[in-house]
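# Residue-level structure breakdown
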Amino acid sequence: MSLFVDRMIRAAKLDVRLYEEVEADRRSMGQAMGVVVLSSLAGGIGFMQEARLMGLVIGTVGSLLGWYVWALMTYLIGTKLLPEPQTRADHGELLRTIGFSSAPGLIRVFGIIPGLSGFVNLLAGVWMLVAMVIAVRQALDYQSTYRAIGVCLIGWIIQAILLALLVTTMGGVPELMLEQP
């Protein structure tokens, strides 16, 4: 357990060596997915301030689904559309590194404090994006940080569009979430 916590802290500190370590450690997939689940739960708990129990469920499921779609898009864009000559990565390597890049999302739990939700989510979002850029750069062996930024942003935009289409297809935001407490 201490290795898991240590890795989450190192990931949140943007430790480049951590991302190389988990890229190479095939046994760390469970830990990477644990970080994603904990970060998603933190996002759901933080969203409870806005929409109570429905916020927990939708916030958690939405975070998990959004993370996976973003990770998949990032893999496809980074390895198929915009690879550098030395790019060699499999789906597992990228999932492990991107999983750990979700560690800063644990602070989203503080969104449950009245008045802090917007600030906490903005801070967590930017921090997680920076961590993801580092994770992508390391996993895809990019020389260019700008390429990693581009891959992450393109993946995020596609993910946002797909999730918006999903919510629209399902009839929009549930009315229960729109009611004020």
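- Going by the annotation in an unreviewed UniProt entry, the name recorded for the protein is YIP1 family protein, with Candidatus Nitrospira allomarina given as the source organism.
- Within the UniProt record for the protein, the comment given under Subcellular location (unreviewed entry) is "Membrane".

## Concerning the side chain of Thr87
- Secondary-structure assignment places Thr87 in the loop between helix H3 (29-81) and helix H4 (91-100).
- Among the polar contacts made by the side chain of Thr87, one reaches the main-chain carbonyl oxygen of Leu140 at a distance of 3.0 Å.
- When sequence neighbours within four positions are dropped, the list of residues in contact with Thr87 reads Gly78, Leu140 and Tyr142.

## Looking at the nonpolar core
- Counting 20 residues, the largest nonpolar core has Trp67, Leu94, Ile98, Met132, Val136 and Tyr142 as its most contacted members.
- The greatest single-element share of this core, amounting to eight residues, is contributed by H3.
- Beyond its immediate stretch of four places on either side in the chain, Ile98 contacts Trp67, Ala71, Thr74, Met132, Ala135 and Val136.
- Core analysis: the second largest hydrophobic core is formed by 14 residues, Ala11, Val35, Ala103 and Ala131 among them.

## Comments concerning empty space enclosed by the protein
- One pass over the structure, following the stated rule, counts one cavity of 30 Å³ or more.
- Approximately 40 Å³ is the volume found for the largest cavity.
- Taken together, Trp67, Trp70, Ile98, Ser101, Ser102, Met128, Leu129 and Met132 form the lining of the largest cavity.
- When residues of the lining of the largest cavity are traced back to their parent elements, those giving at least two are H3 and helix H5 (117-139).
- No other element matches the three residues that H5 contributes to the lining of the largest cavity.
- For the lining of the largest cavity, the per-class residue count stands at six nonpolar, two polar and no charged.

Definitions and limits used
- Residues numbered from 1 in each chain as written.
- Predicted model: local features only at pLDDT ≥ 70, side-chain atom pairs only at ≥ 80, totals over all residues.
- Heavy atoms only, no water.
- UniProt positions renumbered as here; feature names shortened; annotations may be inferred.
- Helix = DSSP H or I, 4+ residues; strand = E, 2+ residues; numbered from the N terminus.
- Polar contact = N/O pair within 3.5 Å; in protein donor to acceptor, adjacent residues only side chain to side chain.
- Contact = heavy atoms within 4.5 Å.
- Core = buried A, V, L, I, M, F, W, Y, C linked by side-chain atoms within 4.5 Å.
- Buried < 20%, exposed > 50% of the residue type's maximum accessible area, 1.4 Å probe, protein only.
- 1 Å grid on protein atoms, 1.4 Å probe; cavity = no way out; pocket = protein on both sides within 12 Å on 5 of 7 lines; lining within 4 Å.
- Points joined across faces, edges and corners; volume = space filled by probe spheres on them.
- Nonpolar A, V, L, I, M, F, W, Y, C, P; charged D, E, K, R; others polar.

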